[in-house]
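Reading the structure
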Amino acid sequence: MSMILSASVVRVRDGLPLSASTDYDQSTGVQECRKYFKMLSKKLSQLPDRCTLKTGQYNINFISSLGVSYMMLCTENYPSVLAFCFLDELQKEFITTYNMMKTNTAVRPYCFIEFDNFIQRTKQRYNNTRSLSTKMNLADMQTEIKLRPPYQISLTELGSANGFAHFSATEYKGTGKISAAPHQRLEPVTLPGIVSFVLSLLCGALNLIRGFHAIESLLQNEGEDFSYVIAFFLGTAACLYQCYLFVYYTGWRNAKSFLTFGLICLCNMYLYELRNLWQLFFHVTVGAFSTLQIRLRQPQGKSPDYNV
């Protein structure tokens with residue numbers, strides 16, 4: 001029988017499950033596919049925004065948009081156009097119900113489990129294709145799939161040692177999102193992000209000014225320590241680099257932000273004799289706040305097409 005078996009909503013950047021349908025099928029084949037679900041969820045940020053994985057009797061389809069991925073498991077003979085219409089309907093409802101700030105700051109698995117009610121209702125409608133009534137134009141979705149077909153993931157690629165890092169634009173020309181691209185767009189800037197950017201610039205400017213004053217003091221007094229000058233200018237560079245990481249996408253962006261924050265802490269520890277506790281607290285707090293905003297501002301997925 002052709003049908004949808006299960007569905008889930010997953011955060012792209014770390015694979016955190018946000019919601020999922022209640023599954024009753026405990027067959028060996030379905031249990032094996034759930035393992036593929038987990039493997040794929042860990043690699044969503046490296047995959048195109050529309051993919052299909054064929055696993056014998058079952059297919060796993062998913063779409064990703066605005067930092068969230070919508071995944072579903074269906075039988076191999078379930079029509080592809082209905083599968084992606086189903087995922088598109090989940091996407092529209094989830095985006096309407098929950099804002100991006102909630103999904104970005106979620107820390108507990110299945111924290112939006114109440115969305116399961118909508119998943120179950122929609123799954124029942126799409127499993128009863130004869131009485132399926134939907135506002136979506138299936139012909140338009142069919143055309144969309146023909147023009148930009150989903151990337152076909154093979155089980156060999158899924159189990160490869162290097163994962164999916166070898167994906168490129170030439171392998172999937174229709175893709176709206178490949179996170180390895182250096183020109184990857186980031187999510188819209190929030191007010192806390194703007195505040196952190198301005199404060200980082202301010203800290204960089206303060207370090208720069210103190211650095212020039214340290215140079216002047218060094219020229220006037222030969223006994224001054226030149227390492228203070230280095231510490232001030234390293235602090236300036238670290239603050240400016242935090243601004244760069246907040247504005248532009250780059251590889252290992254989160255790791256770089258943590259290393260930059262560590263450099264800010266080290267510089268301020270070395271300068272504790274030249275700064276009071278409030279100044280030290282201000283610089284370290286701004287560094288931590290900027291690191292958090294860099295972490296929260298993730299690559300932006302393909303915007304949903306509401307005309308489909």
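You'll find the structure just up there.
Thresholds, definitions, all that
- Note that residues are indexed from 1 along each chain, following the sequence as it is written.
- Note on the predicted model: pLDDT of at least 70 is required for a residue's local features to be given, and 80 or more for side-chain atom pairs to be given and counted; whole-chain, interface and lining totals, by contrast, use all residues.
- No hydrogens and no water enter the side-chain calculation; it runs on all heavy atoms of the structure.
- By convention, a stacked pair of Phe, Tyr or Trp rings (six-membered ring in the case of Trp) has centres within 6.5 Å and planes under 30 degrees apart, an edge-to-face pair has planes over 60 apart, and any other such pair is tilted.
- Strands are runs of DSSP state E lasting at least 2 residues, helices are runs of H or I lasting at least 4, and numbering of each runs from the N terminus.
- Buried residues are those whose accessible area, probed at 1.4 Å on protein chains only, stays under 20% of the maximum for their type, while exposed residues exceed 50% and partly exposed ones sit between those limits.
- Polar contact criterion, stated in full: a pair of N or O atoms within 3.5 Å, where within protein one must be able to donate a hydrogen and the other to accept it, and residues adjacent in sequence count only if both atoms are side-chain atoms.
- For this analysis, residues touch if any pair of their heavy atoms sits within 4.5 Å.
- Only protein atoms enter the 1 Å grid, on which a cavity is a set of points fitting a 1.4 Å probe that cannot get out and a pocket is an open set with protein on both sides within 12 Å along at least 5 of 7 lines, lining residues being those with an atom within 4 Å of a point.
- Grid points are joined across faces, edges and corners, and a volume is the space filled by probe spheres set on the points.
- In this count, Pro and Cys sit with the nonpolar residues alongside Ala, Val, Leu, Ile, Met, Phe, Trp and Tyr, while Asp, Glu, Lys and Arg are called charged and the others, Gly among them, polar.

1. Describing the packing of aromatic side chains
Per the stated rule, a full pass over the model turns up 14 aromatic pairs. A ring pair is formed by Phe 94 and Phe 112, whose centres lie 5.9 Å apart and whose planes are at 75°; its orientation type is edge-to-face. Linking Phe 94 in helix H2 (residues 80–97) with Phe 112 in the loop between helix H3 (100–105) and helix H4 (116–127), this pair joins segments that are 18 residues apart in sequence. Each ring, one from Phe 94 and one from Phe 115, has its centre 5.2 Å from the other, and the planes form 85°; the classification is edge-to-face. Separated by 21 residues along the polypeptide, Phe 94 in helix H2 and Phe 115 in the loop between H3 and H4 bring together distant segments of the chain. Accessibility expressed as a relative area gives 1% for Phe 94, which makes it buried.

2. Concerning the side chain of Arg 297
Locating Arg 297 in the fold gives a position in the segment after helix H10 (277–296). Under the relative-accessibility criterion, Arg 297 is labelled buried at 13%. Side-chain polar atoms of Arg 297 contact the backbone oxygen of Phe 246, separated by 2.7 Å. Setting aside residues up to four positions removed in sequence, Arg 297 forms contacts with Leu 186, Glu 187, Pro 188, Val 189, Phe 246, Val 247 and Arg 253.

3. Here we look at empty space enclosed by the protein
Under the criterion given, the structure shown has 2 cavities of 30 Å³ or more. Taken as a whole, the second largest cavity spans an internal volume of roughly 50 Å³. Taken together, Asn 207, Ala 231, Phe 232, Gly 235, Cys 239, Ile 264, Cys 267, Asn 268, Leu 271, Arg 275 and His 283 form the lining of the second largest cavity. Broken down by secondary-structure element, the contributors of at least two residues to the lining of the second largest cavity are helix H8 (226–247) and helix H9 (253–270). When residues of the lining of the second largest cavity are assigned to their parent elements, the largest contribution, 4 residues, is made by H8. When its residues are assigned to classes, the lining of the second largest cavity shows 6 nonpolar, 4 polar and 1 charged.

By themselves, these figures tell us nothing about what the structure is for.
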